[in-house]
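Single-letter residue listing:
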Amino acid sequence: VTLVGPEGAGKTTALEKLVLDWAKGERLQSFSCVFHFRLKELNCLQEMLSLETLLLRHGRVPLESLPAVLQNSSQVLLVLDDLHVCGQSLDPSAHAPCDDPSQVVSLGCLVASLLHGSLLRGASFVVASRHTGDLKFLTGTQMEVLGFLKPQREAYFNHFFTDPAVANRALAHMEKTLGFYDFCTSPRFCWTVCSLYEPLMEAGEKLPETVSQLCVGVVVYLIGKLPLTAARSRELMLALGKMSSHCFLNQRLSCTTEEIASFGLEKFLDAVAVFLQVDGQQLDRHVFSFPSLILQEFLLAVSYFWNDSTPESTEEVIAQLRGRTQLFDAFLSALSEPVQRRPLEAVLGEPNDDLVADFKRWFRRSSEEALRGYQKDQHHRCFHLLHQAQNKSLVKEIITPAARVGCSYGGLGLRECVVLNYVVESLGEMDLLNLYRARSLTEEQVEALAPAMSLSREIIRGITTELDLTQTALGDEKFQILSVGLRDCKLTTLKLEVCALTELSGGHLASVLSSSTSQLQLLTMRHNEIGDQGFIKLSAGLCSPHCQLQELHLQSCKLTAASMAALSAALTSGQSELKKVDLSLNSIGLPGAASVCEALQHPACKLRSLVLFDCGLTGECCQPFMEALMSEHCCLAELDLSVNSLGQEGALLLGQALRRPGCPVEKLGLQRCELSEPVFEEMGSLLRSGSSLLKSLSLGLNGVGDLGVKPLWEAVAHPNCLLEELDVEMTDLTDACMEDLSAALRATKTLRNLGLSNNTLSDASAAALVQA
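Thresholds applied
- Within each chain, residues carry numbers counting from 1 in the order of the written sequence.
- The predicted nature of this model means local features are confined to residues of pLDDT at least 70 and side-chain atom pairs, given and counted, to a pLDDT of 80 or more, with totals for whole chains, interfaces and linings taken over all residues.
- Only hydrogens and water are removed before side-chain values are computed, so all heavy atoms of the structure are retained for them.
- Comment: elements are numbered from the N terminus, with helices defined as DSSP H or I runs of at least four residues and strands as E runs of at least two.
- For the radius of gyration, the atoms used are the C-alpha atoms, and the globule rule reads 2.2 Å times the number of residues raised to 0.38.
- When a residue's accessible area, from a 1.4 Å probe over protein chains only, is under 20% of the maximum for its type it is buried; when over 50% it is exposed; and in between it is partly exposed.
- Contacts are assigned to residue pairs with any non-hydrogen atoms lying within 4.5 Å of each other.
- Only the protein chains shown count as cover for residues, and the accessible areas themselves come from Shrake-Rupley with a 1.4 Å probe.
- His is not counted, nor are the chain ends; Lys and Arg add positive charge and Asp and Glu add negative charge.
- In plain terms, the charge of a residue is placed at NZ if it is Lys, CZ if Arg, CG if Asp and CD if Glu.
- At least two DSSP bridges between two strands are required for those strands to pair.
- Whenever a helix is involved, its axis is fitted only over the stretch in contact; in every case the axis is a line through C-alpha atoms, and angles between N-to-C directions fall within 0 to 180 degrees.
- What makes a salt bridge here is a side-chain nitrogen of Lys or Arg within 4 Å of a carboxyl oxygen of Asp or Glu, nothing more.
- Each nonpolar core is a collection of buried residues, namely Ala, Val, Leu, Ile, Met, Phe, Trp, Tyr and Cys, held together in the definition by side-chain atoms within 4.5 Å.
- Where a domain begins and ends is set by an automatic assignment or by a domain database.

A word on the overall build of the chain
Tallying secondary structure elements over the chain gives 32 helices and 21 strands in all. Over its C-alpha trace the chain gives a radius of gyration of 36 Å, far above what one expects of a compact globule, namely 28 Å for 772 residues. Once the C-alpha set of the chain is aligned to its principal axes, its extents read approximately 100 × 75 × 50 Å. A total of 772 residues make up the chain; the buried ones form 50% of that total. When contacts within the chain are restricted to residue pairs at least 6 apart in sequence, long-range pairs at least 24 apart make up 79% of them. Surface summary for the chain: the accessible area is close to 34,800 Å², and the carbon and sulfur share equals 50%. A distance of 6 Å separates the average location of the 64 positive side-chain charges in the chain from that of its 90 negative side-chain charges.

As structure tokens, this is what we get:
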């Protein structure tokens, strides 16, 4: 089993808990031996190892027990943490496989030989790693350790802060200013944020606005834990910076005792544990690493600016670290601003002014070059550095009228939305906000960009044609504001399902549909209390010559027969382009059905699909439907009357209408309509007649049994039947129908989809179906 996840997600904690549970006798008791190795410690030993040495020295197996362990490998579980620091490829072809437990090989070869089974064959493994190419060489189960997502962060903050109001304020601030960074999933990072926020909130001080400000607070806090002068603290920062640079340039995650001495940290051994993570049991086996890559990068930036000598130029340093660090230049940007670095100056003294000036020159030069081009990634990088600097005057200096900030910013992540919004707010206005190809902006992204949108004279959204506001509790007041923009946009699809809209929004929608610039073609409003008065207002918009709406979905909108006349008027106005209307879960009854059926017979009505699922219809309603379907002007291709009490007499009336030569209905839904065997006989006869155009038929949830459904099997086998879809779910079928069903499947030339769910069919039926 491989646990995969980013730094600080909890992989090591999970492995330690696993080993502890085994030791306590609570889990994994089928294993007689469990060995837990941290490869970060072993890697720093920089020595060749045999499996025997690994188990004896680092696994603490008594010498006399070693043969039993090697001979009973199926009872051994090896837990390997930090697989990503192994230093050598785990590709089995990259090593000569080792099968001798006493053979001395490199750590990479030893691990590869274990994982691929040439050593300790039959043993089980749980390994943990960050994402790396070496994972492709591992078989077995891979599990993602996600760390803290938003619900877990909320739970953590509520547990950390005893006052719920304080917890909510802290979490809201963190989500707004830092929640777009991947490292916010780290439980350790959440602990750091909470620990820093707590004293600031108690003192009534301002909370950090950027990750740079957060790191400034952390470092100042840690330095405060040490009894050091400003000069000694500065010396410590330079030594930590050397270690950080060494790890980044050599792609190392840790250093040995000898290595940290070469950086000048031997003078600060008492302080090391404040800034570094120390692993190992014995003094000569200590392994030192930074607890966080973020802190490692920040300390590197601090050591650069507070270096009294003049090292390489900014451009040279950034070029060396390109591809190895993520936030180094952003931290330099923040620390180049006096307001941002002031807390550090209080404990370290003044930085090197020459280096700060050199960075500013580089930043201006590289930003001008980036903004002259059309590479959006370079624009985003420039904006990110400006955001970390938190200097609005600097934004105006960098982003001049000559800058090409009108290039497309599609494909934005949440962080890009936040920093782009900061730039626009700093400028005060924007001529053009180009969001071309921004197809899938989330609610959080839109919220982050909203101020920038309000400051932009023109916004390009390119090919965006759909707006989905489902379950947003929009309400009438907010929708009224939104409707102003909807009158003049390129949207073709608008989804307003479960949005707490009432009859007031019906008038706003009518104004949208009546707009000469509206291109809306599909509108869904399921589960809103529009009511009859709201729908009557909306229907006025359907009568407008400008209305282009083709599909209207109004499931469960508190409609009755009182508003159906307005719909009928719209359908027969000669202006309506409506092709599909779904009125499911509304109590329209006989009077409402009669109004709609009257419209279906009008030559101006273009309706091709009508869905009246569970609308309180009875057998009496089938008379107006029969008359509509018999009309030469009716063009209805789909009719769904499912979950209505139509009964035998009503359904037979429908069958009579469907026999009319030229009847356009191709799809018919009659699920749970209290149908009887004669109705199934009529449908079977209809399908065999050669006059029906039916291609889809749903008759499920009518319990007529095997004999009742038999006429349908005979129809399916008939050459005149055009049926492509048939649903007979829950019609009380048994294995007795299989002979007729199998014969139908063998004979049919058209059937493509058959629904048999929730019938009493056994394994024998399954075998017969496969044979057919």
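There's plenty left to go through after this.
Observations regarding the sheet that holds strand S7 (residues 277-279)
Taken together, the three strands give an open sheet; going across it, the order is S6-S8-S7, and neighbouring strands pair in antiparallel fashion. Both edges of this open sheet fall to strand S6 (255-256) and S7, since each of them pairs with a single strand only. Alignment of S6 against strand S8 (residues 287-289), held across two bridges, turns out to be antiparallel. Paired with Cys255 across the strands is Phe288, a residue of S8.

Some words on the sheet that holds strand S21 (residues 753-755)
Strands in a sheet are paired, the pairing made by backbone hydrogen bonds, and the direction either parallel or antiparallel. The parallel open sheet is built from eleven strands, whose spatial order is S11-S12-S13-S14-S15-S16-S17-S18-S19-S20-S21. Whereas interior strands pair on both sides, the edge strands pair on one side only; in this sheet they are strand S11 (466-468) and S21. Sheet twist, expressed as the average angle between the axes of neighbouring strands with direction ignored, equals 0 degrees.

Side note on the pattern of salt bridges
Inspection of the entire model under this criterion finds 22 salt bridges. A salt bridge links Lys24 to Glu26; its shortest N-O distance comes to 3.7 Å. Overall, the relative accessible area of 52% leaves Lys24 in the exposed class. One salt bridge in this structure joins Glu259 and Arg252, with 3.0 Å as the shortest N-O distance. For Glu259, a relative accessible area of 15% translates into the label buried. One network of salt bridges, with partners in common, ties together Lys17, Asp21 and Arg27.

Section: the nonpolar core
In this structure, Leu178, Tyr197, Met237, Met243, Phe275 and Ile399 are the most contacted members of the largest nonpolar core, which totals 102 residues. The greatest single-element share of this core, amounting to nine residues, is contributed by helix H13 (residues 293-305). The residue makeup of this core includes at least three contributed by each of domain 2 (150-207) and domain 3 (214-351). Counting 91 residues, the second largest nonpolar core, distinct from the first, contains Leu567, Ala570, Leu658 and Leu668.

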